[in-house]
Amino acid sequence: MGGGGQQTEQGEPGGGKAAGVYTWEEVQKHSSKNDQWLVVDRKVYNITQWAKRHPGGFRVISHYGGEDATEAFTAFHPDQKFVQKFLKPLLVGELAATEPSQDRNKNATIRKDFDDLRVQAEKEGLFRAEPLFFCLHLGHILLLEALAWLMVSNWGTSWTLTLLCAVMLATSQSQAGWLQHDFGHLSVFKKSKWNHLVHKFVIGHLKGASANWWNHRHFQHHAKPNTFRKDPDIYMLDIFVLGKTQPVEYGIKKIKYMPYNYQHHYFHLVAPPLLIPVFYNFNIMKTMVTRRDWVDLAWATTYYLRYFYCYIPLFGLLGSLGLMFFVRFLESHWFVWVTQMNHLPMEIEHERHQDWLTMQLQSTCNIEQSFFNDWFSGHLNFQIEHHLFPRMPRHNYHLVAQRVRELCEKHGIPYQMKTLWRGMVDVVRSLKSSGDLWLDAYLHK
């Protein structure tokens, strides 16, 4: 049964008429760019053509080509009945009755226990947001923006006040970054369209960036964290080598784009100061223009119009551009350390085909909870819980954390918790370790 992918009804794959019965081996053959199938709840779908129209971008859904995507599908989509309207025409059949529900290295027991935890969290209302929390968070961002401008407009643009203004604006920008992250993950409003709309306001008008750029990039990271060629956050343009595998591969091949054994030193000169003001700014603008994303470009334009209207009269054109770059420079340091301390010291590997819980825990770690750590990191100190439940409002992470830890203990999966300082130090340590692995392979293998 299913050995030949036989069809019980006639119809073209992806046309909604076919009802074949397939084995995992057959599904896994459809994993190329021009031929992609995936499985959700034992149903087999041909996504080859539709992937280009996927609202989250074609890459994130393509990363599950030839695989079971049930856990990722559940994690990302709040209204699964609505999404079924798009899946139904893509149906080509189902798994044979003799086939397990999970594929490859995915553990059935872990998967069931985690699904039970997610269902229980939903019953307890942990996926419902507190409007007051997000209103207060937005309020303190707007207050910082207003106070920064009022200070220099009323008391002058001395070096001291300008520096204080830059710190306040960088704080506002960083906190707006965490806030747009909430709306981008659809974790505030019940209706996705309201999350999308406010997301465009926060990331576009308050930060001058693109919601679609962020979505298409960030959901790839969540779908396959720390996975080479699938997670864009570890695509380092050959400036750095990461993890334990890539350095050895580069060393054996005698690849030396940079002196990687010194990467823990030049990291401080490249990543924290330049990621946002140089790489992200250029990449975002290029993406909006090349993809003709005029809506996001219009939102971003409103940020620049507001900023220059406020600050050119005070600093002039060059002065306001300098202030903007310095604010991005400060924000970039904040962003890099917070985001990298949860991922860079963890396992960074090629595709491993693991169940959701195992995959996320091997690539993420937590930072200790405190009022400051929660605020400073936008609750991404609960990176484990965020990756397991990306749609959960961040103010509820601490309510589910203990049960996640117990589930990990039950299955022998390490649950790492660090201090804020240890998390930052481990970023540098991991870069040094990877650089040493590269040098040894480069010289001796």
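So, how was this worked out
Residues numbered from 1 in each chain as written. Predicted model: local features only at pLDDT ≥ 70, side-chain atom pairs only at ≥ 80, totals over all residues. Heavy atoms only, no water. Patch = residues over 30% accessible without salt bridge, like charges linked within 9 Å, V, L, I, M, F, W, Y side chains within 5 Å. Areas by Shrake-Rupley, 256 points an atom, 1.4 Å probe, with all protein chains shown as cover. Salt bridge = Lys/Arg side-chain N within 4 Å of Asp/Glu carboxyl O. Helix = DSSP H or I, 4+ residues; strand = E, 2+ residues; numbered from the N terminus. Axes fitted to C-alpha atoms, helices over the stretch in contact; angles between N-to-C directions. Parallel < 35°, antiparallel > 145°, perpendicular 65-115°, else oblique. Left-handed = near helix turned anticlockwise from the far one by under 90°. Contact = heavy atoms within 4.5 Å. Nonpolar A, V, L, I, M, F, W, Y, C, P; charged D, E, K, R; others polar. Buried < 20%, exposed > 50% of the residue type's maximum accessible area, 1.4 Å probe, protein only. pLDDT = per-residue confidence, 0-100. Pairing = 2+ DSSP bridges. Lys, Arg positive; Asp, Glu negative; His and termini not counted. Charge placed at Lys NZ, Arg CZ, Asp CG, Glu CD.

Moving on, we get to a nonpolar patch on the surface. A contiguous nonpolar patch, built from Leu 143, Leu 147, Trp 149 and Leu 150 and spanning about 350 Å² of accessible area, is present on the exposed surface. Tracing the chain through its elements places Leu 147 in helix H6 (residues 131–155).

Moving on to the packing of helix H7 (residues 159–184) against helix H8 (residues 192–205). In a packed pair of helices, the relevant descriptors are the angle between the two axes and the axis-to-axis distance. Interhelical geometry of H7 versus H8 gives an angle of 160 degrees and a closest axis separation of 8 Å. Relative to H8, H7 is oriented roughly antiparallel. For the element pair H7 and H8, the recorded crossing hand is left-handed. Mapping the contact onto sequence places Ala 176, Leu 179, Gln 180, Phe 183 and Gly 184 in H7 and Asn 195, Val 198, His 199, Val 202 and Ile 203 in H8. Taken together, the residues of the contact of H7 with H8 break down into 6 nonpolar, 4 polar and no charged.

In this section: the packing of H8 against helix H12 (residues 294–340). Between H8 and H12, the least distance of the axes is 8 Å, while the angle of their chain directions is 45 degrees. One way to sum up the angle between H8 and H12 is to call them oblique. At the point where H8 passes H12, the crossing takes the right-handed sense. Contacts between H8 and H12 involve Lys 200, Phe 201, Gly 204 and His 205 on the former and, on the latter, Val 295, Asp 296, Trp 299, Ala 300, Thr 302, Tyr 303 and Arg 306. Broken down by class, the residue content of the contact of H8 with H12 amounts to 5 nonpolar, 3 polar and 3 charged.

With that out of the way, let us pick up the environment of Ala 96. Position of Ala 96 among the secondary structure elements: in the loop between strand E6 (91–95) and helix H5 (108–123). For Ala 96, a relative accessible area of 0% corresponds to the buried category. Here the alpha-carbon distance between Ala 96 and Thr 23, two residues 73 residues apart in the chain, equals 5.9 Å.

Let us look at the confidence of the model for the protein chain. Residues with a pLDDT of 70 or more make up 96% of the protein chain, whose mean pLDDT is 94. Every residue in residues 1–18 is under pLDDT 50, and counting partners more than four places away or in other chains gives 40 contacts.

Here we take up the pairing of strand E4 (residues 43–46). In this structure, strand E3 (residues 35–40) lies alongside E4, joined through 4 bridges in antiparallel fashion. Across the sheet, residue Val 40 finds its bridge partner in E4, namely Lys 43. In this antiparallel pair of consecutive strands, E3 and E4, the connection spans 2 residues, and Asp 41 shows a positive phi of 50 degrees. Of the strand pairs in this sheet, E4 and E6 are connected by 3 bridges, and their pairing is antiparallel. Looking at the pairing, Val 44 lines up with Gly 93 of E6.

Together, Lys 33, Lys 52, Arg 59 and Arg 291 make up a region of like positive charge exposed at the surface. With respect to the helices and strands, the residue Lys 33 is situated in the loop between strand E2 (31–32) and E3. Using a relative accessible area of 69% as the deciding quantity, one classes Lys 33 as exposed.

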